[in-house]
Amino acid sequence: MRSYVYSIIVRFYLAFTGFLVFLLTATLFGAEGRGVIGFGTSLFAMISIIFSANLGRTFLSITRQREDLKKDLLRKFLKLNGLLTLAAAAVGLLYCQLSYSAQEVISATQAICFSMTSLFYVWSINGNAFFASIAATRKQENIIIFFRTVIIIFLAALYLNHEKSLDYFIVCYSAILFIGTLAEILWLYFKSSPSKNPQFKASTEILKEAFFHHVDFLSFNIFPLLLTVLLASYTLKSDVGRFNFALQIINLIFLFSTTANIRLIAYVSDVGFRARIAQFKKLFWATLSISAFSILILSFLLGHITNFSKFEQFKGAEVLFLISGLAIPGYVLYQFFSPIWIELQKQKIASCLHLINFIFFALLSPYFLNHYKLLGAVWLFAFFHIGLILTQGYLYKNYIKK
């Protein structure tokens, strides 16, 4: 539990700096500026998720408790991670070049800067599983602390200098994320070394192995980003900024679950979930309880924060946040059960059910966004995660309870 508490502290420090970024940019650039930032980050994050191939989960699935395979395959996975990052950045830039709606929101210079964040977003999907699989999460967390402190120093300099250039912020912030992520990757790369009898798989074999893991991850993670990008076609940039506001805050609550997921991956990679079932149960109830309590606290605080003149453009955000809070149970269940489906080799059926849930709500999105705009986006976000409760219940009943 000590390692879990340290991980919670570090991940909340990460979230705290992200929230500071939001507060500062909302203060300096308003809802419209947040709309630009939200659109750019959501676009490249969505494309990065698609191109990530979910290599982290695939690495966990292939190696599990085999230390020899971890040693043999790690560098191969890291190189493939780099190639996929370049592909994500290129496709994102191509989309910005060809899409009229994208050009209406972000400039060419901003698009180039946002493309640098592809490394951060691909790694945020894959990196945790790599570090957890080799029991090196403490090193990753130390690197995170250092570069997040750099971000705080950067934000302080912006505030003291009253910097009003949105382009300047995007350039510097993207560069810090890029360098910090590269530091994590290089540490892993030089820490590992091929064994005398390497058993490298070809990249095509890895991608084939990753298919259902990736389908599952896409079905779960891409929906909020898709809503953000689609919403830009149905409403104003300021409303995109307000929706991004609600997602930023709810991500603070989600952090409890994602941190617990890292610990669960380490359990599965080490001895399997059955040997740690007591820890699984304790983490689950603790995570669900603290998440529910945090919803109430943050909604109360938001009601007061948006009364300040600098945040009055986000008035009513507490209502959007409370609606999005209905997503918490489904999010917690998914994060806790996903490592178990990997260990039980039920990823194929899990990915199919999650894909059906994604397709159903994706098809509903144009209608809801056209008729209900911002409020429709928030309700879609909540209902999507409520659908995940049904999928996890079905899987639990058929593959664990029996």
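Heads up: the structure comes first, above all this text.
Computed from a predicted model, the values in this text were never measured in an experiment.

1. A word on the overall build of the chain
Within the chain, the secondary structure is distributed over 14 helices and 0 strands. Reading the chain from its N terminus to its C terminus gives the helix and strand order α-α-α-α-α-α-α-α-α-α-α-α-α-α. Considering only C-alpha atoms, the chain reaches an extent of 60 × 45 × 40 Å along its principal axes. Looking at the chain as a whole, 56% of its 402 residues are labelled buried.

2. Topic: helix α14 (residues 347-399)
Across its 53 residues, α14 extends only 11 Å between first and last C-alpha, which sits more than 12% below the 78 Å expected from 1.5 Å per residue. The sharpest bend along α14 measures roughly 140 degrees and falls at Y372.

3. A few points about the layout of surface pockets
Size it by volume and the largest pocket reaches roughly 340 Å³. I277, K281, F284, F337 and Y396 are, among the 12 residues lining the largest pocket, the residues nearest its centre. Residue assignment for the lining of the largest pocket shows that the elements contributing at least two residues are α11 (277-305) and α13 (328-343). Top element by residues in the lining of the largest pocket is α11. It accounts for 5 residues. Its residues assigned to classes, the lining of the largest pocket comprises 11 nonpolar, no polar and 1 charged.

4. A short note on the side chain of T181
Locating T181 in the fold gives a position in helix α8 (residues 166-191). Taking the relative accessible area as the measure of exposure, T181 reaches 3% and is therefore buried. Ignoring sequence-local partners within four residues, the contact set of T181 consists of L119, F120 and W123.

5. A short note on unusual backbone geometry
The backbone of K373 shows a phi angle near 50 degrees, a positive value even though the residue is not glycine. Counting through the fold element by element, K373 comes out in helix α14. Take K373: its relative accessible area is 31%, and that puts it in the partly exposed class.

6. Let's talk about the environment of L60
Within the element layout of this structure, L60 appears in helix α2 (residues 55-63). A sequence separation of 69 residues divides L60 from A129, and the C-alpha atoms of the two residues are 6.9 Å apart.

7. Re the nonpolar core
In terms of nonpolar packing, the biggest core is built from 99 residues, with I106, F154, F169, F243, I250 and F321 touching the most fellow members. Aside from chain neighbours lying at most four places away, what touches F154 is Y168, F169, C172, Y173 and I176. By size, the runner-up hydrophobic cluster in this structure holds 19 residues, among which are F59, F77, L78 and L84.

8. Regarding the side chain of E184
Along the chain, the position of E184 falls in helix α8. Separated by 3.1 Å, the side chains of E184 and Q140 make a polar contact. With residues up to four places along the chain from it excluded, the contact list for E184 reads W123, F131, Q140, I143 and I144.

9. Quick notes on the packing of aromatic side chains
One pass over the structure, following the stated rule, counts 26 aromatic pairs. Ring centres of F284 and F336 lie 5.4 Å apart, and the angle between their planes is 90 degrees; this geometry places the pair in the edge-to-face category. Within this pair, whereas F284 is found in helix α11, its partner F336 is found in helix α13, the two being separated by 52 residues in sequence. Here Y367 and F368 contribute two aromatic rings whose centre-to-centre distance is 5.9 Å and whose plane-to-plane angle is 80 degrees, an arrangement assigned as edge-to-face. For R75, the ring lying beneath its charged end belongs to Y189, and the centroid distance is 4.2 Å.

10. Describing the packing of α2 against α13
Contact geometry of α2 with α13 gives a least axis separation of 10 Å together with a crossing angle of 40 degrees. Between α2 and α13, the interaxial angle falls into the category oblique. From α2, R57, L60 and S61 reach across to α13, where they touch Y334, S338 and I342. Grouping the amino acids of the contact of α2 with α13 by side-chain chemistry returns 3 nonpolar, 2 polar and 1 charged.

11. A look at the state of the cysteines
Counted by the stated rule, this structure contains 0 disulfides. Here C96 is not cross-linked by a disulfide; its sulfur's nearest cysteine counterpart is in C113, at 12 Å.

Conventions used here
Residues numbered from 1 in each chain as written. Predicted model: local features only at pLDDT ≥ 70, side-chain atom pairs only at ≥ 80, totals over all residues. Heavy atoms only, no water. Helix = DSSP H or I, 4+ residues; strand = E, 2+ residues; numbered from the N terminus. Buried < 20%, exposed > 50% of the residue type's maximum accessible area, 1.4 Å probe, protein only. Expected span 1.5 Å × (residues − 1). Bend = angle between axes of the 7 residues up to and from the residue. 1 Å grid on protein atoms, 1.4 Å probe; cavity = no way out; pocket = protein on both sides within 12 Å on 5 of 7 lines; lining within 4 Å. Points joined across faces, edges and corners; volume = space filled by probe spheres on them. Nonpolar A, V, L, I, M, F, W, Y, C, P; charged D, E, K, R; others polar. Contact = heavy atoms within 4.5 Å. Core = buried A, V, L, I, M, F, W, Y, C linked by side-chain atoms within 4.5 Å. Polar contact = N/O pair within 3.5 Å; in protein donor to acceptor, adjacent residues only side chain to side chain. Phe/Tyr/Trp six-rings, centres within 6.5 Å; stacked < 30°, edge-to-face > 60°. Lys NZ or Arg CZ within 6 Å of the ring centre and 35° of its normal. Axes fitted to C-alpha atoms, helices over the stretch in contact; angles between N-to-C directions. Parallel < 35°, antiparallel > 145°, perpendicular 65-115°, else oblique. Disulfide = S-S within 2.5 Å.

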